[in-house]
Amino acid sequence: MEKLEELTDQQRQRLLKLERIRQHGIDPYPARVQRTHTAAEARRNYEADESFGEEKIILTGRLVAIRKMGKITFAHIADGSGKIQLFFQHNVLGEENYRFFLQNFDIGDFIEAHGHLFRTRTGEITLNVEKYRLLAKALHPLPEKWHGLKDVELRYRRRYLDLLANEDVRQLFITRSRIVKAMRHFLDSKGFIEVETPILQPIYGGAAARPFETWYHALERKFYLRISDELYLKRLIVGGYEKVYEIGKDFRNEGLDVRHNPEFTMMECYQAYADYHDMMRLTEEMIAFIAQEVLGTTRITYAGHEIDLTPPWPRATMRDLLIEYTGIDFEEYRDLESLRKAIEKRNLQVDPKPTWGKQVDELFSEYVEPYLIQPIFVMDYPVEISPLAKRKPEAPHLVERFEPFVGGMEIGNAFSELNDPLDQRERFLEQAEARERGDEEAHPIDEDYIFALMHGMPPTGGLGIGIDRLTMLLTDKQSIREVILFPQLRTL
RNA sequence: GCCUCCGUAGCUCAAUUUGGUAGAGCAGCGGACUCUUAAUCCGCGGGUUGCAGGUUCGAGUCCUGCCGGAGGCACCA
């Protein structure tokens, strides 16, 4: 709180009221609360049987509206279940108590109200207040009741006000919670066990990204915040678990935009004796299940598009999609130079990339990805951008990897996991060379992980789903910040 | 990091093409009002126009820099 002389008029008024309340010997922040029913319960009981009005009940909540009309006053309070109207009468409360309420209570204050339910002339179920008590004084006015809080910066910086003022935002984060709950339910029902692996890691891995760094005092060395859960979860498959998953935060030290927040939530699961085809079936079934559980349908609207999540989703290879959208068959241009010439020849506008695999990926991002509105699995990526995935037996320059796309958005990543320790070592070494050449996102070598693989890992399918993006999809939000309660902003 | 746009009262927004004393609604304060629903009616207060400079007789408005935000580019799942 600022210095007194910097307070606004309204803050001074509320401090004044607080002082008056204290002078009456009332604790404006009492420790104990009484409540017999939530607003919704009270309303439901009364609707079921109006004799419920004979029962004396106690409701609690935040004052969200006060309508003074002389010797009577209407107010609304809101608790977690919803709103309900309160009715204050001069001749029920008595002169002193009635005036005390009007003089010292503000919108935003929490109140405990004792009384009986009845219906007003307009039919609204209302508590006739016989006794009231302050539960917590608010010293700052709430956002305006009609227009709410619109300023995006304020909505993110003071999310509590956003949640108070904008019901749709409150609902959205309930939906997010239900999405995660449904995902857990789905995986649990399939026999997966939920595990927790380190967030602070001596070597990061499992994705191509720059990490956040920190210092571990007790161990006197640099540590990293994880960029994925992958390598630890696969150690658990080596350890003998057949189905594991983890839902948690990953951290990637990169820029922010409408689809990226440096701190984001990922679900990763691994299934022994499975391949990427099995993971495709798992993915489409899981997403459809979540949509059905949370939205009651597998047909959704995203950014104005009607999208049908009903399985099965089409499968298409990256190669076929590139031929379809750009006319380029990368199998005909197997080195960087010829590929670039092909791109040039067709007048396609893509940024130059240092390797063949990255160039293919860039072409795909630019000319295919935005058009993948209906759900689809894009399969078979270049090996050099997939150092942890198993090669396709019939095409060893490609890997058994897929990414699910919906709404023009990549919502996950999956593969048949590479379980050949010697090939894995080779791939790490190639990454190390890329690092030498200045690729800051190349994987560091994780000898301990190779050591684990050397003890034998069964053929395994792995899948990662971005929870934030899935939430965007199911809540029709085009910015990732809208589905993160406290998105990262610059400090003021 | 670069480009474009934005920042006015606690909140939502005005402020005349092309510079001329910063307004309204809600919220607040005082008053009237015993069935209201954005209650209504009368009156009152509330601002270093994001910050710092500059141009000008005069800047919310034009210029420069900085801070913050949004969108885009680059990077990325």
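Residues numbered from 1 in each chain as written. Chains lettered and ligands numbered in written order. Predicted model: local features only at pLDDT ≥ 70, side-chain atom pairs only at ≥ 80, totals over all residues. Heavy atoms only, no water.

Caption draft 1: How the structure looks around a negative patch on the surface. Taken together, the side chains of Glu-384, Glu-426, Glu-430, Glu-433 and Glu-436 present a region of like negative charge at the surface. Within the secondary structure, Glu-430 is located in helix α13 (residues 421-436). (Patch = residues over 30% accessible without salt bridge, like charges linked within 9 Å, V, L, I, M, F, W, Y side chains within 5 Å. Areas by Shrake-Rupley, 256 points an atom, 1.4 Å probe, with all protein chains shown as cover. Salt bridge = Lys/Arg side-chain N within 4 Å of Asp/Glu carboxyl O. Lys, Arg positive; Asp, Glu negative; His and termini not counted. Charge placed at Lys NZ, Arg CZ, Asp CG, Glu CD. Helix = DSSP H or I, 4+ residues; strand = E, 2+ residues; numbered from the N terminus.)

Caption draft 2: Spotlight on helix α8 (residues 230-238). Among the residues of α8, Glu-230, Leu-231, Leu-233, Lys-234, Arg-235 and Ile-237 are the ones counted as buried. Count one or two residues on from α8 and you reach Gly-240, which has phi positive near 115 degrees. (Buried < 20%, exposed > 50% of the residue type's maximum accessible area, 1.4 Å probe, protein only.)

Caption draft 3: Focus on the environment of Leu-161. By the secondary structure assignment, Leu-161 is in helix α6 (residues 159-165). The sequence separation of Leu-161 and Phe-223 amounts to 62 residues, and the corresponding C-alpha distance is 36 Å. The residues touching Leu-161, leaving out its near neighbours within four places in the chain, are Pro-143 and Leu-149. (Contact = heavy atoms within 4.5 Å.)

Caption draft 4: Highlighting the packing of helix α7 (residues 167-189) against helix α9 (residues 276-295). For the pair α7 and α9, the least separation of the axes is 9 Å and the interaxial angle reads 135 degrees. The orientation of α7 relative to α9 falls into the category oblique. As α7 runs across α9, the sense of the crossing is right-handed. Counting all contacts with α7, which are made through Thr-175, Arg-178, Ile-179, Ala-182, Met-183, His-185, Phe-186 and Leu-187, the residues of α9 involved are Leu-282, Glu-285, Met-286, Phe-289, Ile-290, Glu-293 and Val-294. Residues belonging to the contact of α7 with α9 are distributed by class as follows: 10 nonpolar, 2 polar and 3 charged. (Axes fitted to C-alpha atoms, helices over the stretch in contact; angles between N-to-C directions. Parallel < 35°, antiparallel > 145°, perpendicular 65-115°, else oblique. Left-handed = near helix turned anticlockwise from the far one by under 90°. Nonpolar A, V, L, I, M, F, W, Y, C, P; charged D, E, K, R; others polar.)

Caption draft 5: The nonpolar core, seen in detail. Among the nonpolar cores identified, the biggest contains 47 residues, and Met-183, Met-267 and Leu-463 are the most heavily contacted of them. Leave out the neighbours within four places in its chain, and Leu-463 touches Met-267, Glu-268, Cys-269, Met-279, Leu-282, Thr-283, Met-286, Phe-402, Asn-413 and Ala-414. Core analysis: the next-biggest nonpolar cluster, separate from the first, contains 43 residues, Ile-328, Leu-339, Val-368 and Ile-376 among them. (Core = buried A, V, L, I, M, F, W, Y, C linked by side-chain atoms within 4.5 Å.)

Caption draft 6: Layout of the protein's contact with RNA strand B. The environment of RNA strand B is made up of 54 residues, and the closest members are Thr-122, Lys-145, Glu-153, His-260 and Glu-410. Within the contact set of RNA strand B, a phosphate oxygen lies 2.3 Å away from a side-chain nitrogen or oxygen of Lys-145. Residue contributions to the surface near RNA strand B peak at 5 residues, all from helix α5 (residues 152-157). Split into classes, the residues belonging to the surface near RNA strand B amount to 14 nonpolar, 17 polar and 23 charged. (Near = heavy atom within 4 Å. Polar contact = N/O pair within 3.5 Å; in protein donor to acceptor, adjacent residues only side chain to side chain.)

Caption draft 7: Spatial organisation of the pattern of salt bridges. Scanning all chains against the criterion turns up 39 salt bridges. A salt bridge links Glu-482 to Arg-155; the shortest N-O distance between them is 2.8 Å. Here Arg-155 lies in helix α5 and Glu-482 lies in the segment after α15 (467-475), a separation of 327 residues in the sequence. Overall, the relative accessible area of 10% leaves Arg-155 in the buried class. Arg-315 is the salt-bridge partner of Glu-284, the closest N and O atoms lying 2.8 Å from each other. Of the two residues, Glu-284 is situated in helix α9 and Arg-315 in strand β14 (residues 315-317); the sequence distance between them amounts to 31 residues.

Caption draft 8: Broad picture of empty space enclosed by the protein. Going through the model one piece at a time under the given rule, you end up with 1 cavity of 30 Å³ or more. What the largest cavity holds in volume is close to 40 Å³. The wall of the largest cavity is formed by Gln-201, Ile-203, Tyr-204, Gly-205, Ser-228, Glu-230, Leu-231, Tyr-232, Arg-235 and Asp-446. Broken down by element, the residue count for the lining of the largest cavity peaks at 4 residues, all from α8. (1 Å grid on protein atoms, 1.4 Å probe; cavity = no way out; pocket = protein on both sides within 12 Å on 5 of 7 lines; lining within 4 Å. Points joined across faces, edges and corners; volume = space filled by probe spheres on them.)

Caption draft 9: Summary view of the packing of aromatic side chains. Going through the model one piece at a time under the given rule, you end up with 16 aromatic pairs. A ring pair is formed by Phe-428 and Tyr-449, whose centres lie 6.5 Å apart and whose planes are at 85 degrees; its orientation type is edge-to-face. Taken together, the residues span a long stretch of sequence, with Phe-428 in helix α13 and Tyr-449 in helix α14 (residues 447-454) at a distance of 21 residues. Between Arg-235 and the ring centre of Tyr-232, over which it is positioned, the NZ or CZ distance is 4.8 Å. (Phe/Tyr/Trp six-rings, centres within 6.5 Å; stacked < 30°, edge-to-face > 60°. Lys NZ or Arg CZ within 6 Å of the ring centre and 35° of its normal.)

Caption draft 10: Molecular detail of the pairing of strand β3 (residues 82-89). With 6 of 8 residues buried, β3 lies mostly within the body of the structure. Across 8 bridges, the pairing between strand β2 (residues 72-79) and β3 is antiparallel. Residue pairing in the sheet places Asp-79 in a bridge with Gly-82 of β3. In this structure, the hairpin formed by β2 and β3 is closed by a connection of 2 residues. Bridge count between β3 and strand β5 (residues 125-136): 3 bridges; the pairing is parallel. Along β5, the bridge assignment pairs Leu-86 with Leu-127. (Pairing = 2+ DSSP bridges.)

Caption draft 11: Molecular detail of the pairing of strand β8 (residues 213-216). Here β8 runs beside strand β9 (residues 221-225); their pairing, made up of 4 bridges, is antiparallel. Note on β9: the bridge partner recorded for Trp-215 is Lys-222. The hairpin formed by β8 and β9 contains 4 residues between the paired strands, and Glu-220 there has a positive phi angle of roughly 50 degrees.

Caption draft 12: Geometry of helix α11 (residues 336-345). Of all the positions in α11, only Ser-338, Leu-339, Ala-342 and Ile-343 are classed as buried. Down the axis of α11, the smallest arc covering the buried residues is 145 degrees, so these residues share one side. Among the exposed residues of α11, those pointing more than 90 degrees away from its buried face are Glu-337, Lys-341, Glu-344 and Lys-345. Its buried side turned inward, α11 meets α12 (356-367). (Arc of directions from axis to C-beta.)

Caption draft 13: Layout of the sheet that holds strand β4 (residues 110-119). Taken in spatial order, the 5 strands line up as β1-β2-β3-β5-β4 and close into a barrel, and their pairing is mixed. Sheet twist, expressed as the mean angle between neighbouring strand axes with direction ignored, is 50 degrees. Here helix α2 (residues 39-48) sits on the sheet in contact with β1 (57-69), β2, β3, β4 and β5, set at roughly 75 degrees to β3.

Caption draft 14: The side chain of Asp-446, seen in detail. Structurally, the position occupied by Asp-446 is in the loop between α13 and α14. In this structure, Asp-446 is in contact with Ile-203, Leu-231, Arg-235 and Phe-428, ignoring residues within four places of it in sequence.

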